[in-house]
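Observations on the model geometry
Each chain is listed here by its residues.
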Amino acid sequence: MTDWAVRVDDVSKKFRLYHERNQSLKSAILRGKTSRHDDFWALQNVSFDVAEGSTHALVGSNGSGKSTLLKCLAKIYWPTSGTIDYRGRMASLLEVGSGFHLELSGRENIYLNGSILGMSKKEIDARFDSIVDFSGIEKFLDQPVKNYSSGMYVRLGFAIAIHVDPDILVVDEVLSVGDSEFQKKSFEKFLEFKNLGKTIILVTHTMQVVRDICDTATWINQGTHVVTGDANSVVDRYEASIS
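The text that follows walks through the structure, step by step, so that each part is easy to find.

Definitions and limits used
Residues numbered from 1 in each chain as written. Predicted model: local features only at pLDDT ≥ 70, side-chain atom pairs only at ≥ 80, totals over all residues. Heavy atoms only, no water. Core = buried A, V, L, I, M, F, W, Y, C linked by side-chain atoms within 4.5 Å. Buried < 20%, exposed > 50% of the residue type's maximum accessible area, 1.4 Å probe, protein only. Helix = DSSP H or I, 4+ residues; strand = E, 2+ residues; numbered from the N terminus. Contact = heavy atoms within 4.5 Å. Phe/Tyr/Trp six-rings, centres within 6.5 Å; stacked < 30°, edge-to-face > 60°.

We now examine the nonpolar core. Judged by nonpolar contacts, the single largest core of 44 residues is most densely connected at Val 59, Ile 110, Leu 156 and Val 210. Considering each element in turn, this core owes the most residues, eight residues, to helix H5 (residues 150-162). Excluding anything up to four places from it in sequence, Val 59 contacts Lys 66, Met 207, Val 210, Thr 218, Trp 219, Ile 220, Val 234 and Tyr 238. Counting 22 residues, the second largest nonpolar core, distinct from the first, contains Val 11, Phe 48, Leu 70 and Ile 201.

Next comes the structure, spelled out in structure tokens:
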């Protein structure tokens, strides 16, 4: 039986929805009460395993809790209860280029963003040419990224992130970045990751992507776990529910 790479065990995540908020300590004292709020459970008791070396999708409608779960997997949020365990080095690719400094050049941002994502200078040096080649921004490498187009910006951010070389990659809608040529390169890179035995967890609203590259999937609905299983069968059930 295949070993798991990621285990989500009874995970719940609660947020507070405030009706009104005290703007200062003085206002709280004068009003004589704390701000009123309701508890909103974005996730409730979600459990599933992702097999080592598999590509796993999280599917569900908008507001179902997919992105909250992805942020828990990426360690941006911490579960209110339950645990998430990993076997191997994990990297996340949620907001492409979020670690860029706009005044620095593309070259400088490769080193800055690469270090934020956990690469050493030696690792970045070794992968620098490949990052530049993949991004296709060689002519503008020494220009400040504030002068980049939005397409150049996300291509460089994506190129850096996929060269982190993690065991587990957590990604959000990354196959939609850039033009059609870059999307094709991105798709081929994910197939390369699969062939290397990497574990990939992704959120996408494109069910054909799930069918094409995912082995398994988990359907989340209104914060609860519906089913985990073969990607095609999970997509069939999900699409039947919304048709």
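This paragraph deals with the packing of aromatic side chains. In this structure the tally under the stated criterion is seven aromatic pairs. Ring centres of Phe 100 and Tyr 153 lie 5.0 Å apart, and the angle between their planes is 75°; on these two criteria the pair is classed as edge-to-face. Of this pair, Phe 100 sits in the loop between strand S5 (90-93) and helix H3 (106-116) while Tyr 153 sits in helix H5; the two residues are 53 residues apart in sequence, bridging distant segments of the chain. When the ring of Phe 158 is compared with that of Phe 182, the centres are 5.7 Å apart and the planes differ by 75°; the resulting orientation is edge-to-face. Here Phe 158 is found in helix H5, whereas its partner Phe 182 is found in helix H6 (residues 180-195), with 24 residues between them in sequence. Comparing Phe 158 with Phe 182 shows no difference in burial state: the two are buried.

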